[in-house]
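Residue-level structural notes
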Protein chains: 2
Amino acid sequence: MLNRVRSAVAHLVSSGGTSSQRSKSPDLPNATSAPPAAQETPKTSREKPGNQVGAPQKTAETTVSFSRPTFLQLSPGGLRRADDHAGRAVQSPPDTGRRLPWSTGYAEVINAGKSRHNEDQACCEVVYVESRRSRSVTGVSREPSHNQGFCFYYWGLFDGHAGGGAAEMASRLLHRHIREQLKDLVEILKDPLPPPLCLPSTPETPGVSSPSQLVSPQSCWSPQKEVTHDSLVVGAIENAFHLMDEQMARERRGHQVEGGCCALVVLYLLGKMYVANAGDSRAIIVRNGEIIPMSREFTPETERQRLQLLGFLKPELLGSEFTHLEFPRRVQPKELGQRMLYRDQNMTGWAYKKIEVEDLRFPLVCGEGKKARVMATIGVTRGLGDHNLKVCSSTLPIKPFLSCFPEVRVYDLTQYEHCPDDVLVLGTDGLWDVTNDSEVAATVDRVLSSYEPNDPSRYTALAQALVLGARGIPRDRGWRLPNNKLGSGDDISVFVIPLGGPGSSYS
Amino acid sequence: MLNRVRSAVAHLVSSGGTSSQRSKSPDLPNATSAPPAAQETPKTSREKPGNQVGAPQKTAETTVSFSRPTFLQLSPGGLRRADDHAGRAVQSPPDTGRRLPWSTGYAEVINAGKSRHNEDQACCEVVYVESRRSRSVTGVSREPSHNQGFCFYYWGLFDGHAGGGAAEMASRLLHRHIREQLKDLVEILKDPLPPPLCLPSTPETPGVSSPSQLVSPQSCWSPQKEVTHDSLVVGAIENAFHLMDEQMARERRGHQVEGGCCALVVLYLLGKMYVANAGDSRAIIVRNGEIIPMSREFTPETERQRLQLLGFLKPELLGSEFTHLEFPRRVQPKELGQRMLYRDQNMTGWAYKKIEVEDLRFPLVCGEGKKARVMATIGVTRGLGDHNLKVCSSTLPIKPFLSCFPEVRVYDLTQYEHCPDDVLVLGTDGLWDVTNDSEVAATVDRVLSSYEPNDPSRYTALAQALVLGARGIPRDRGWRLPNNKLGSGDDISVFVIPLGGPGSSYS
């Protein structure tokens, strides 16, 4: 497969040249690479070039320097309408095309002008994972067959900032990094026995030849932890995020990977949903009216102590400009010697301290709510990219304070009999800035109850209602909600994944 | 007051001399100091020498080198019985004496032989906090009066390890450190207005003289966070733990402060309960049969990622002996080049990695459950003391990995009408190792329902039942529970604090 992907890359790359540095994982395409050949993803209903391939789209329509998810099937005219800040038309996959897997609903709208293009990106795929063993015996790739691998269903929302490059790259490649990580685990995940703690060296490593691929747990003599199948999938997702971030670091110059992005992705694999979040998007399950949070947000406020600890342990990361202490407001030079409330990396409460000269530095973490910032610059503390991000008017890098690792929550679909009204809702912060969990649950109830349970368009209608409800309507020189408060001026993207609907053939 | 305490110290110190280094807080007694004079704690029902004063007790009875809480009022014979590993008699305050505040129930039992003495300690006090302002105007102490200060109710459990010194010292002094921290806050906490973010310099600092003690929040021009009264109390408790730990570090040589201790303390102050936990003791509220967790345990398992991050950022703390990576079992030299499951500081899941030479080092965190250890040595990751703790057969200190900071949870007593059966249960791990929250709640229901609601002895009976239920009875060469499983061989200490009982005059 390695050669096949390399050929495809060579064939499809249209401009900009291949990256001077190769991806760490040998099978992984670099930023300009193509989607896998058809036989590689036999169950894929939507894996087509376009969302995955930036460069070919550029070639076809050189005036358009941005992309929207392929599954929207936008014409050039549609793409222009989707890019119109004045109209802010809600976009969804066309009724006429093939539906997303599980009849997933999707809707998005561009921001009200805060950035030139919609910096959110989305991806919805069925990804086939071929076992690395299928070609490991001889070292030569064999044709994969169904009984050698498995599929996972995949949904991803990527909320970009400071440019759309990182979000676009993540939407094209993160699921492939996940696939690469899972390739080693195919036999292990399909085996009901506990995962082996130790495996023989990879076939590429000379000098070790074990007749059995797996060292059984029984062969271990020392006390040992039992590791679950779930935790291997979680580890695979975590490492995939890390490798995606490393790839962005390597290829950022060649491919203009601007800015960074939050990533919220969901895998359905062998009966379980894995919800991985790095950033301030949010996932909730609405099940029989009950709200089950499936993520939490990572912001300067929620990660304050982690950030402060890093600044305390590595003061060189703060330069001479920042202090790791938090103050409830900026300290004034005239207040030297007075006592100000502060918190350090160990505290959740506040106490008074005498103000010293170093306290006049700018605090590493400041502000509240949507105005909270790390180093006065960025309002989200996990995600992908941002390798070039510097403090304003300074050379101090911010990336060391950002984490690319998601928190992963697991939901066992088999533990509950889901009805067609039970859904997993994913939304970028454009949704959640103006809508809370309860309001979303109320909209779920209102919209789904007005459609027949077996109408597959109901989830798209729900996604549209959620986006519209957060965007509002133009009135009084702004986008306003029915209560006359301002609607969200941000990009808004929403997936609605039915957990027990007509499309849920969980094979 | 400063001079009065110093005089008392000079008067009462019996042996060992005063510490060569003074406490950081000028008003704080050092390890051998006396309890405050009577007028300092006008509401104190139980603040007597003995629990607070180690040295005088030694003088009175030189054969006894250990102490039990004063409120047990143990005679020399009683002290010997409490120290008997064979009988393991449950100890409670006598029925005949004055009850603990709020009719608090208490019971304890010594371990089954794991250490020479009972290394748990307990403290229950009513502590008067005099405002520092009452003597700040002229710099001379004035007689405190009620309207200048307030009282807090205080309960503390201290579970010692590697010696009883740290637990004993903490039981005598931690509440005084808390009192010191609160002295600056008396006016602020009594004032319904939000706390001022900035205060003028302390009177001792020359050069600043503000007619008003407080700089009102309105005078701040920049965006600012609102800080609650609660969070000031939380900050005071956090800093008190830190100062207690620093005092142990300073005085450990002079006063043989051996080992370390977990600390679980509760403050009742101005309508709210503050539950602060550093270690593996546990607090739960049982309210109308419902269980409300009021703490979480800090162990190598629950704090794995914090520990690993520190080892990763400061590899010098690991020496050449440890790796910050976790493996599910010990890696064998013959497995070099093979692939083993691992987790690093960023991961909650597991993945395979090729085993390299450094992976043969001992993992910083290993083991499961009660056998989990940091550096193969200690099974608890927060608490006080342990300044001399080294890795076995090594000079590597473990203290850098331990945190003295508690997690503090706040419970507003005024938000719910409590009945006499609603209680806050505090227990050292001797209780929780063999009893879970539901079993404790069932015992609460069973015991309290067999007593009249206004019988103040019911909470002691409940504490005794909980301790007995965890200890078991001697049978088959061991202490066994009714289900024939082994009872706890550890020291067991339990407070039962009624939240709406006859003793709850929350003044």
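What counts as what
- Residues numbered from 1 in each chain as written.
- Chains lettered and ligands numbered in written order.
- Predicted model: local features only at pLDDT ≥ 70, side-chain atom pairs only at ≥ 80, totals over all residues.
- Heavy atoms only, no water.
- Helix = DSSP H or I, 4+ residues; strand = E, 2+ residues; numbered from the N terminus.
- Contact = heavy atoms within 4.5 Å.
- Areas by Shrake-Rupley, 256 points an atom, 1.4 Å probe, with all protein chains shown as cover.
- Least-squares fit on C-alpha atoms with pLDDT ≥ 70 in both.
- Axes fitted to C-alpha atoms, helices over the stretch in contact; angles between N-to-C directions.
- Parallel < 35°, antiparallel > 145°, perpendicular 65-115°, else oblique.
- Left-handed = near helix turned anticlockwise from the far one by under 90°.
- Buried < 20%, exposed > 50% of the residue type's maximum accessible area, 1.4 Å probe, protein only.
- Pairing = 2+ DSSP bridges.
- Salt bridge = Lys/Arg side-chain N within 4 Å of Asp/Glu carboxyl O.
- Buried area = accessible area lost by both parts, 1.4 Å probe.
- Polar contact = N/O pair within 3.5 Å; in protein donor to acceptor, adjacent residues only side chain to side chain.
- Nonpolar A, V, L, I, M, F, W, Y, C, P; charged D, E, K, R; others polar.
- Expected span 1.5 Å × (residues − 1).
- Bend = angle between axes of the 7 residues up to and from the residue.
- Domains from an automatic or database assignment.
- Disulfide = S-S within 2.5 Å.
- pLDDT = per-residue confidence, 0-100.
- Phe/Tyr/Trp six-rings, centres within 6.5 Å; stacked < 30°, edge-to-face > 60°.
- Lys NZ or Arg CZ within 6 Å of the ring centre and 35° of its normal.

If you look chain A up in an unreviewed UniProt entry, it shows as Protein phosphatase 1J from Mus caroli.

**A look at the overall build of chain A**
Along chain A, the regular secondary structure elements total 10 helices and 20 strands. Restricting to contacts in chain A with at least 6 residues of sequence separation, those with at least 24 account for 69%. Surface summary for chain A: the accessible area is close to 20,400 Å², and the carbon and sulfur share equals 52%.

**A short note on the relation of the copies chain B and chain A**
With an axial shift of 0.0 Å and an RMSD of 0.0 Å, the rotation relating chain B to chain A amounts to 180 degrees. Seen this way, the second copy is the image of the first under a two-fold rotation axis. Minimal C-alpha distance to the rotation axis in chain B is attained by Leu313 of chain B, lying at 3.8 Å. Both copies contact each other with a shared surface, as 100% of the interface residues of chain B are interface residues in chain A too.

**Describing the packing of helix 4 (residues 165-183) of chain A against helix 6 (residues 229-251) of chain A**
Two measures define how a pair of helices packs: the angle their axes make with one another and the distance between the axes. Residues and elements named next belong to chain A. At a closest axis distance of 8 Å, the pairing of helix 4 and helix 6 adopts a crossing angle of 135 degrees. Relative to helix 6, the element helix 4 lies oblique. Relative to helix 6, helix 4 is oriented so that their crossing is right-handed. Contacts from Ala166, Met169, Ala170, Leu173, Leu174, His177, Ile178, Gln181 and Leu182 of helix 4 reach helix 6 at Ala236, Asn239, Ala240, Phe241, Leu243, Met244, Gln247, Met248 and Glu251.

**Here we look at the environment of Gln121 of chain A**
All names here are of chain A. Mapped onto the elements of the fold, Gln121 is located in strand 2 (residues 120-130). By relative accessible area, Gln121 is classed as buried at 4%. C-alpha of Gln121 to C-alpha of Phe312: the two residues are 191 residues apart in sequence and 36 Å apart in space.

**Structural notes on the environment of Arg176 of chain A**
Along the chain, the position of Arg176 of chain A falls in helix 4. With 89 residues separating them along the chain, Arg176 of chain A and Val265 of chain A place their C-alpha atoms 13 Å apart.

**Points about the sheet that holds strand 4 (residues 198-199) of chain B**
Strand pairs in the sheet, formed through backbone hydrogen bonds, run parallel or antiparallel to each other. The sheet built from three strands is open, its strands ordered 11(A)-10(A)-4(B) with antiparallel pairing. Among the strands making up the open sheet, the edge pair consists of strand 11 (351-354) of chain A together with strand 4 of chain B. Of the pairings in the sheet, the one linking strand 10 (residues 339-342) of chain A to strand 4 of chain B comprises two bridges and is antiparallel in character. Within strand 4 of chain B, the residue paired with Met340 of chain A across the bridge is Cys198 of chain B.

**Examining the pairing of strand 10 (residues 339-342) of chain B**
Residues and elements named next belong to chain B. The two faces of strand 10 match: Arg339 and Leu341 on one face and Met340 and Tyr342 on the other face are all buried. Pairing analysis gives four bridges linking strand 10 to strand 11 (residues 351-354), with the strands arranged antiparallel. Residue pairing in the sheet places Arg339 in a bridge with Lys354 of strand 11.

**Considering the pattern of salt bridges**
Pairs can form between side chains of opposite charge whenever their charged atoms are close. Counted by the stated rule, this structure contains 54 salt bridges over all chains. When the shortest N-O distance is used, the salt bridge between Glu301 of chain B and Lys225 of chain A registers 4.0 Å. Highlighted residues: Glu301 of chain B in the loop between strand 8 (290-293) and helix 7 (304-313) and Lys225 of chain A in the loop between strand 4 (198-199) and helix 6, drawn from two different chains. Its relative accessible area of 36% is what places Glu301 of chain B among the partly exposed residues. Classification of Lys225 of chain A as buried rests on a relative accessible area of 10%.

**Digging into the interface of chain B and chain A**
Across the boundary between the two partners, chain B contributes 58 residues, which contact 58 residues of chain A. Both sides of the chain B and chain A interface together cover about 4,800 Å² of buried area, and 57% of this is carbon and sulfur. When the buried surface of chain B facing chain A is broken down by residue, Lys225, Arg339 and Tyr352 of chain B rank first, second and third, together holding 16% of it. Inspection of the region where chain B meets chain A yields six salt bridges. Between chain B and chain A we count 22 residue pairs in polar contact (both at pLDDT 80 or more) in total. Only strand 4, helix 6 (229-251), helix 7, strand 10 and strand 11 of chain B provide two or more residues apiece to the side of chain B that touches chain A. Top element by residues in the side of chain B that touches chain A is helix 6 of chain B. It accounts for seven residues. Of the residues contributing to the side of chain B that touches chain A, the split by class is 29 nonpolar, 15 polar and 14 charged.

**Re the sheet that holds strand 4 of chain A**
Strand order in the open sheet made by the three strands is 4(A)-10(B)-11(B), with antiparallel pairing throughout. In this open sheet, the two strands that pair with only one neighbour each are strand 4 of chain A together with strand 11 of chain B.

**Some thoughts on helix 4 of chain A**
All names here are of chain A. Compared with the 27 Å implied by 1.5 Å per residue over 19 residues, the 27 Å span of helix 4 between its first and last C-alpha is a close match. The largest bend in helix 4 comes to about 40 degrees, at Ser171. With 19 of 19 residues buried, helix 4 lies mostly within the body of the structure.

**Points about the pairing of strand 20 (residues 492-498) of chain A**
Residues and elements named next belong to chain A. Counted residue by residue, strand 20 has seven buried out of seven residues, so it is predominantly covered. With burial as the criterion, each face of strand 20 is covered, one bearing Ile492, Val494, Val496 and Pro498 and the other bearing Ser493, Phe495 and Ile497. Bridge count for strand 1 (residues 105-109) against strand 20 is five bridges, and the pairing is antiparallel. Its bridge partner being in strand 20, Tyr106 is matched across the sheet by Phe495. Two elements, strand 17 (residues 423-427) and strand 20, share five bridges in a ladder whose sense is antiparallel. When the sheet's bridge partners are listed, Leu424 is paired in strand 20 with Ile497.

**Digging into the domain arrangement of chain A**
The assigned domain composition of chain A is domain 1 (70-132 + 148-191 + 228-298 + 404-498) and domain 2 (303-379). Taking the mean C-alpha position of each, domain 1 of chain A and domain 2 of chain A sit 34 Å from one another.

**Section: the state of the cysteines**
All names here are of chain A. Per the stated rule, a full pass over the model turns up zero disulfides over all chains. Residue Cys262 stays outside any disulfide, its sulfur separated by 7.1 Å from that of Cys261, the closest cysteine. Exposure remark for Cys262: the relative accessible area of 2% places this residue in the buried category.

**Some words on the confidence of the model for chain A**
Here chain A averages 83 in pLDDT, while 79% of its residues score no lower than 70. Across residues 135-142 of chain A, confidence stays below pLDDT 50; counting only partners more than four residues off in sequence or on other chains, it has 12 contacts.

**A closer look at unusual backbone geometry**
Negative phi values dominate among residues other than glycine, just as trans dominates among peptide bonds. Residue and element names in this part refer to chain A. Even without being a glycine, Ser103 presents a positive backbone phi close to 60 degrees. Looking at the element boundaries, Ser103 is found in the loop between helix 3 (76-82) and strand 1. Backbone geometry at Ala162 places phi at a positive 55 degrees, although glycine is not the residue there. Secondary-structure assignment places Ala162 in the loop between strand 3 (149-161) and helix 4.

**Section: the packing of aromatic side chains**
One pass over the structure, following the stated rule, counts 20 aromatic pairs over all chains. For the ring pair Phe152 of chain A and Tyr154 of chain A, a centre distance of 6.3 Å and an interplane angle of 70 degrees mean the geometry is edge-to-face. The exposure class assigned to Phe152 of chain A is buried, which follows from its relative accessible area of 0%. Among the aromatic residues, ring-to-ring pairing joins Trp102, Tyr153, Trp155 and Tyr268 of chain A into one connected group. Positioned above the aromatic ring of Trp479 of chain A is the side chain of Arg88 of chain A, whose terminal nitrogen or guanidinium carbon lies 5.1 Å from the ring centre. One residue, Arg382 of chain B, lies across the ring of Phe298 of chain B, its end atom 4.1 Å from the ring centre.

**Observations concerning the environment of Glu368 of chain A**
Following the sequence through the fold, Glu368 of chain A ends up in the loop between strand 13 (365-366) and strand 14 (373-374). The sequence separation of Glu368 of chain A and Glu301 of chain A amounts to 67 residues, and the corresponding C-alpha distance is 7.2 Å. Setting aside residues no more than four positions away along its own chain, Glu368 of chain A makes contact with Glu301 of chain A together with Gln224, Lys225 and Glu226 of chain B.

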